[in-house]
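Chain by chain, the residues:
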Amino acid sequence: MINTYQLYQNYADATDPLRACARMMAPVLGTTWPGMPVNPYVRKMASACEVFARTQLTHARPPFGIPTVEEGGRTVSVQEEVVSATPFCSLLHFRKDSALVQPKVLVVAPMSGHFATLLRGTVKTLLRDHDVYITDWRNARDIALEHGRFGLDEYVSHVIEFLGVLGPGAHLLAVCQPTVAALTAAAIMAEDGHPAQPRSMTLMAGPLDTRVNPTAVNALAKSKPIGWFEKNMISTVPARHRGAGRRVYPGFVQLGAFMNMNLNRHVDAFRKLYHHLVEGEEAQAVQIKDFYEEYFAMADLPAEFYLETVRTVFQEHALPLGRLTYGEQVVNPRAIKRTALFTIEGEKDDICAVGQTVAAQEMCSSIRPYMRMHHVQTAVGHYGVFNGRRWDNEIYPRLRDFINMHHR
């Protein structure tokens, strides 16, 4: 059987040197000398070289790059420190040089083909008023086989373990895919009487009940049997990597699927990048380059986690139907009573449509009404729920107030 991952690796090995060459040539061609007129043809060549170089995929986590944050009208330094780690994930703490005691927030990042740095803007905003931690998932192709499997249960176990590290009184925030695992963790902790049950849980743009307003992503997940996904989407990590032999859902496959959903938009973005570079519009060009530098940093998912997510979340709807299990234990969201619940959706979200996240409110029927809140943000898509101007100015103030209200 042909190993798709090995074919991709062969392609990358053949084309990455060309992109490296283009990356070196772009500034050389773009250099203007004193007294010499700008040659428009040379400038176009330089712009083309840079655009081509920007199409390279990378497989290492970019830096968060948050050296400082504004807190209470002053600038404080931020240091990243790993406070707990497993072979699959590090619990990363953004420690501020501040004497203020602020609510602890565990941000559960998606394991969906991108690194936790996709939530850089989310973290930077939260840091203004909170003590922030994040699940920094490792690229599965860098995890040796000896460390075993990683499925949905293992994901939930990480959330429970890390909440235990933060201790009683922390707040839980999950973005997109891990809203299912976060709700599961909170339910299991409630039923078990765990002392570190979160004081609040914020679920943002997540697929908690994909029967509601199904999107193209949801339709694709239900269009084929799970065996098809295993046969066509799963590959084996090539021998050159530390995780050689591990079965994964490759990040490059996920990226291709996401880009095909909005292919014209991505093609148009690179066309705009080329014209901005030709016209010397650096600020506009940097905005596009920064986005795709993050977007093209890809991480592979363990095959078990991907397949179990497709089957239980998107095909069987196990959580809303009361059939989801954690180990041998049936997940019961009605067990949650002490954790306040805030659900957030984006009006134009084409990945997790309006209605899929608020479904948690009905599942968690034992939470008292004054401990619940829901918000639909107008004029934003999926990414805008947790990043950008409306996240900063409209969504975050509501989230901050909700956490403060339930931080007792």
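Before any of the text, the structure's been laid out above.
Let me sum up the structure you'll find in this document. The shown structure was predicted, so the numbers you read here are calculated from the model rather than taken from an experiment.

Observations regarding the sheet that holds strand 8 (residues 235–236)
Strand pairing in a sheet is mediated by backbone hydrogen bonds. Such pairs are either parallel or antiparallel.
Here is step 1 of the chain: With antiparallel pairing, three strands are arranged side by side in an open sheet as 8-9-10. Both outer strands of the open sheet, strand 8 and strand 10 (301–302), are each paired with one neighbouring strand and no more.
Here is step 2 of the chain: Taken together, the two bridges between strand 8 and strand 9 (residues 247–249) define a ladder with antiparallel strand orientation. Residue pairing for strand 9: Ser 235 is matched across the bridge by Val 248.

Points about the packing of helix 9 (residues 263–278) against helix 10 (residues 282–295)
The geometry of a pair of packed helices is captured by two quantities: the angle between their axes and the separation between those axes.
Here is step 1 of the chain: Where helix 9 meets helix 10, the closest approach of the two axes is 9 Å, and the angle between their N-to-C directions is 140 degrees. Classified by the interaxial angle, the pair formed by helix 9 and helix 10 is oblique. Handedness of the crossing formed by helix 9 with helix 10: left-handed. Across the interface between the two elements, His 266, Ala 269, Phe 270, Lys 272, Leu 273, His 276 and Leu 277 of helix 9 pack against Gln 284, Ala 285, Ile 288, Lys 289, Tyr 292 and Tyr 295 of helix 10.

Looking at the environment of Ile 395
Here is step 1 of the chain: Mapped onto the secondary structure, Ile 395 falls in helix 13 (residues 389–405).
Here is step 2 of the chain: When its relative accessible area of 0% is taken as the criterion, Ile 395 is described as buried.
Here is step 3 of the chain: C-alpha separation for the pair Ile 395 and Pro 67, spaced 328 residues apart in sequence, amounts to 24 Å.
Here is step 4 of the chain: Once residues lying within four places of it in the same chain are set aside, the contact partners of Ile 395 are Met 204, Ile 344, His 375, Gln 377, Gly 384, Val 385 and Arg 390.

The rules behind the values
Residues numbered from 1 in each chain as written. Predicted model: local features only at pLDDT ≥ 70, side-chain atom pairs only at ≥ 80, totals over all residues. Heavy atoms only, no water. Pairing = 2+ DSSP bridges. Helix = DSSP H or I, 4+ residues; strand = E, 2+ residues; numbered from the N terminus. Axes fitted to C-alpha atoms, helices over the stretch in contact; angles between N-to-C directions. Parallel < 35°, antiparallel > 145°, perpendicular 65-115°, else oblique. Left-handed = near helix turned anticlockwise from the far one by under 90°. Contact = heavy atoms within 4.5 Å. Buried < 20%, exposed > 50% of the residue type's maximum accessible area, 1.4 Å probe, protein only.

Just distances and angles here, no functional claims.
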